[in-house]
Amino acid sequence: MRLAAIADDYTGASDLANTWAKAGLATVQTIGVPDGLDVSGAEALVVSLKIRSVPAAEAVEAATQAWDWLQARGFGHVMYKICSTFDSTDAGNIGPVTAALCARAGAALAPVTPAFPETGRTVYKGHLFVEDVLLSESSLRTHPLNPMHDANLVRVLARQMADPVALLDLATIRTGDAAIARRLAALAGQGARAVIADAVAEPDLEALGRAALAMPVSIGASGLGLGLARGVVAGGALEAAAPVGSPTGPTTGPSAILVGSCSARSLEQVAVAARGMPVLRLDADALVTSGGDTREALAWALARLDAGPVLVAASGDPAAVAAVQARHGRAAASAAIEAGLAALAEGLVAAGVTRLVVAGGETSGAVVDRLGIAGFRVGPEIAPGVPALTTLGRARPLAMALKSGNFGGADFFERALGQL
Ligand code: ADP
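Values in this document were obtained by computation on a predicted structure and should not be read as measured data.

Caption draft 1: Here's a closer look at the site of the ligand. In the neighbourhood of the ligand, 18 residues make up the surrounding shell, with Ser-261, Glu-338, Glu-362, Thr-363 and Gly-405 lying closest. Between Ala-314 and the ligand, the recorded distance is 2.9 Å, taken from a backbone N or O atom to a nitrogen atom. In this structure, Glu-362 approaches the ligand through a main-chain N or O atom, which is 2.7 Å from an oxygen atom. Protein coverage of the free-state accessible area of the ligand, which is 570 Å², stands at 84%. The class makeup of the residues in the shell around the ligand is six nonpolar, 10 polar and two charged.

Now the structure itself:
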């Protein structure tokens, strides 16, 4: 049995890949559908896409292509990895992708749950809770891209799908594997195409994982990923692969840290790192005005690399970010700063950097795309949700860590470099 996922964004993909590696699976994370990358040693594989907020037809096309690619490589079960807060709108993309993958796989229905108890996401009677409040009462109700006004996921998903959506309730999940299988078969008989599954604790997700493994497709967050992985490991039917988490990447060589995240945690991490290494704070306004020109910053970094790690940060506090966005527009400012940091990464790697830490979800995506990375072997966890990565398919492998906003403790950068 080999386990695969198609993830709707890059950092969600890393989070799931980390969960699978921690569960003991030799895990590879690819960036898109990679050309010619050998993934035969992987027990688990996560294809990272960026389709959470694109038009539904585009998401369906990309997910279907990834499914075909995985099928050709013998992956038995494919999970569509979504956000644990069910980020989507009435136009998609969870419903359309679910329908398309079921059609492709010849699946009558697919179980769906964003539950991830470890991070406070639970589903009960089809309603998603974020910590102690309903999704619709959480901060997600004002999300800039996907405001979530309805916590009833059966209703939310039904608005995204032509076929009926049903509920697999907690009482059935806790009755046992046979009851779950019977209920899923009955719901399929009634024409349901997707089934929102309750789960409030890890054993619920383990039961659901076992049930899902008998089906070709499931939809969920890292919590369901954990259930699937435990099911695969307990089944003892893993295909042989290279040792998990072996440090195949370079452990020596120049190292650098690039920070595009402006989260409170990232700002704190930069301040802590500044006590032990040279830090360059970019002038975000000048960076946007120049269209992302980081040549001076590259020269600054190259002059110091031989002496030890360097850190370059674009980040500002909320007032500074608001000022830059007011002046240039949010999208233009973000794009220019991401492009600048990506160009910097390219220059650093060309100059011999072998260990690179990137902070910021979007920033990481921009850097990974710019470096043309096909995929990563997922190594040991540095901080919850953030694994050490080794690039695949490059003549000179890079050791990397990609951290989104609020992940990691105050000393994250030092720890990451120590582990890479
Ligand atoms: P996070 O994971 O913390 O959300 P992201 O990289 O996803 O981090 O998002 C941070 C965004 O802020 C990026 O688009 C980045 O280019 C942008 N950014 C970074 N520094 C600044 C700044 N000083 N002013 C405005 N925007 C910035």
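Further notes follow.
Caption draft 2: Inspection of the sheet that holds strand E6 (residues 121-124) at higher detail. If you walk across this open sheet you meet the three strands as E6-E7-E8, and the pairing is antiparallel. What marks the edges here is a single partner per strand, and that holds for E6 and strand E8 (133-134). Of the strand pairs in this sheet, E6 and strand E7 (residues 127-130) are connected by four bridges, and their pairing is antiparallel. When the sheet's bridge partners are listed, Val-123 is paired in E7 with Leu-128.

Caption draft 3: Geometry of the nonpolar core. Formed by 70 residues in total, the largest nonpolar core has its most connected members in Trp-20, Leu-348, Leu-356 and Met-400. When we break this core down by domain, the ones giving at least three residues each are domain 1 (3-235) and domain 2 (255-419). Each residue touching Leu-348, except ones within four places of it in the same chain, is listed here: Ala-256, Leu-258, Leu-298, Ala-301, Leu-302, Leu-305 and Val-353. Counting residues in each nonpolar core, the second largest holds 49 residues, with Trp-69, Leu-135, Ala-151 and Val-217 among its members.

Basis of the calculations
Residues numbered from 1 in each chain as written. Predicted model: local features only at pLDDT ≥ 70, side-chain atom pairs only at ≥ 80, totals over all residues. Heavy atoms only, no water. Near = heavy atom within 4 Å. Polar contact = N/O pair within 3.5 Å; in protein donor to acceptor, adjacent residues only side chain to side chain. Areas by Shrake-Rupley, 256 points an atom, 1.4 Å probe, with all protein chains shown as cover. Nonpolar A, V, L, I, M, F, W, Y, C, P; charged D, E, K, R; others polar. Pairing = 2+ DSSP bridges. Helix = DSSP H or I, 4+ residues; strand = E, 2+ residues; numbered from the N terminus. Core = buried A, V, L, I, M, F, W, Y, C linked by side-chain atoms within 4.5 Å. Buried < 20%, exposed > 50% of the residue type's maximum accessible area, 1.4 Å probe, protein only. Domains from an automatic or database assignment. Contact = heavy atoms within 4.5 Å.

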